[in-house]
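Descriptive analysis of the structure
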Amino acid sequence: MSTHRHSDPVQPVAALQTAPKSLRLQLVVALSLTLCMLWDSVAAWMFPTMQRELRLVLDNRLIDSAKMVAGLAHQFQQQDTPLGAQHTALQSVIGRDGVACEVSLVRSEVDIVPLARTDNSPGFSPAPSGFGQIEKGGKLWRTYVLEDHGIRIATADRLDVRDQLVTAFARTLVLPFVLSLVGVVVLSWWITGWCLQPLRQLGQVLAQRPPQDPSPLQIGLDTVELAPLTHNLNQLLARMDAALEHERRWTADAAHELRTPLTAIKTHTQIAQLVLERQAAADCTQARQALAQAHAGIEHMHATLEQLLQLAQLENTCSATAPASCASGPHIVAALRQAVDQSVERARRQAAQGQQPVPQLDTAVDSMLESAEAWQLHLPPALLTCAITNLLDNALRHHRGPLPVTVRMQLRTASTPGAPGSLVVSVEDHGAGLNTEERSQALQRFWRKAANSTGSGLGLTIVQRIAHSAGGRLQLQAHADGTPGLCAQLHLPAQPPTSAHREPAVAPALSHA
């Protein structure tokens, strides 16, 4: 026998859901990266030009400083100012603008007499006329030498100081960019959130929409980018509604087509049994046994069909919203009485057919339910009766021993005033019970502990569907004292009265044997 292994499609979907991607974040990051790339491109294009312009400005400053000092020196010579006075005057002028400067008197190519120099002057003896570059004290200098009518003026800047000026100027450009980038990110985050608001509204509408609401969506139809998504969702909702309607029609047609032949076969077997019972011949014993077994099989098939149809109706009609009708306190008790009567009557018919005897049934009802009209259960009484009936049928079918099957119904108020309480229906039997693994499997469709069990394997599934439709839950657990058996608890949310809370009192109301 070959074994085929199919990959589980849930795992990759779950993996994708654990790390969702933010469209808003992607838009902001893309816009920020685009702005950075544009700014870097502009900076890469402008920085060399800015660097050349700055160096040109600094070179012009050297030229202007040299010409200014040369003009002052010629003025002193025309006024026949003594050398000491010239030195003092020139010293006060050349140190003003921070440029290294040296003024010398040129008498010959080798006879150069310094008149004045700044403190930071490196010495310009080897510097040629015009622009040049020298190294003094391990530092590179940019020099400019001007000779005019026997006066030699040399000005200079350190190249590392020039580089510092370029770096400082570049930093002054970076700070506005960083501030503007932060502003762009904040504004982009707010703007994209505002632009994506229709998409968020569409998600909220879909999350709050009941499963059985096929009406078309209107959110996003006025947005060009979102209109195709809304249109496709409306088409999907229409196709799903058509598929559900087709399934409902098929279920109803199948119910009529299956019920009719089953009823006819059941009628014929009953007639055959009556005919054989009137005949006392010994050779009819096997025929009577065969007809009895056929009748039991038909009863089982009929019960399974009824529960299948009931489960299909529940799955097609139950939604996340509250049902249209609600049950109050007296109606809840009436639903319990009706469920007990139906289950006991069904157990008596099975006992009359030779199956196990009907066990004793003890029922205890909270006394508040008898008189509290204000308690509201968001579940129609018919569905509550159906749920309790399935629990009782399951307990009566598997119960063993002399102890009774116990049914308790009580109200539990919430600790917070005004908060919803809960209605708890407990059904306890003393059969073989279920272990932990079996209790987790018992709520699945068609699950039965034994293959030869008379049940259909759908009763607990129906109860769970009814509980979910009202926002409740079904809990299966073992007896607290460790005795064999199963305790099924149906928890249903109930709205308490607005008056002061009263402690629930449990009193026996019904007892069946």
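I will try to describe carefully the structure that is included in this document. Every value quoted in this text rests on a predicted model; they were computed, and no experiment measured them.

**A few points about the pairing of strand β9 (residues 405–412)**
Two faces, one strand: in a regular strand the side chains alternate between the faces of the sheet. Here strand β7 (residues 361–366) pairs with β9 via five bridges, running parallel. Paired with D362 across the strands is T406, a residue of β9. Sheet topology places β9 next to strand β10 (residues 421–429); seven bridges connect them, and they run antiparallel. Residue pairing in the sheet places V407 in a bridge with V427 of β10.

**Description of the pattern of salt bridges**
Summed over all chains, the structure comprises nine salt bridges. For the salt bridge of D157 with R61, the shortest nitrogen-to-oxygen distance reads 3.2 Å. Here D157, found in strand β5 (residues 151–158), pairs with R61, found in helix α2 (residues 23–78); they are 96 residues apart in sequence, far enough to count as distant. For D157, a relative accessible area of 7% gives the class buried. The residue K139 makes a salt bridge to D160 at a minimum N-O spacing of 3.9 Å. Taken together, the residues span a long stretch of sequence, with K139 in strand β4 (residues 139–148) and D160 in helix α4 (residues 159–195) at a distance of 21 residues.

**Some words on the pairing of strand β12 (residues 486–495)**
Taking burial as the measure, the 10 residues of β12 include eight buried ones, the bulk of the element. Taken together, the two bridges between strand β8 (residues 376–377) and β12 define a ladder with antiparallel strand orientation. Following the sheet pairing, Q376 is matched in β12 by Q495. Here β10 runs beside β12; their pairing, made up of nine bridges, is antiparallel.

Reading the values: the criteria
Residues numbered from 1 in each chain as written. Predicted model: local features only at pLDDT ≥ 70, side-chain atom pairs only at ≥ 80, totals over all residues. Heavy atoms only, no water. Pairing = 2+ DSSP bridges. Helix = DSSP H or I, 4+ residues; strand = E, 2+ residues; numbered from the N terminus. Salt bridge = Lys/Arg side-chain N within 4 Å of Asp/Glu carboxyl O. Buried < 20%, exposed > 50% of the residue type's maximum accessible area, 1.4 Å probe, protein only.

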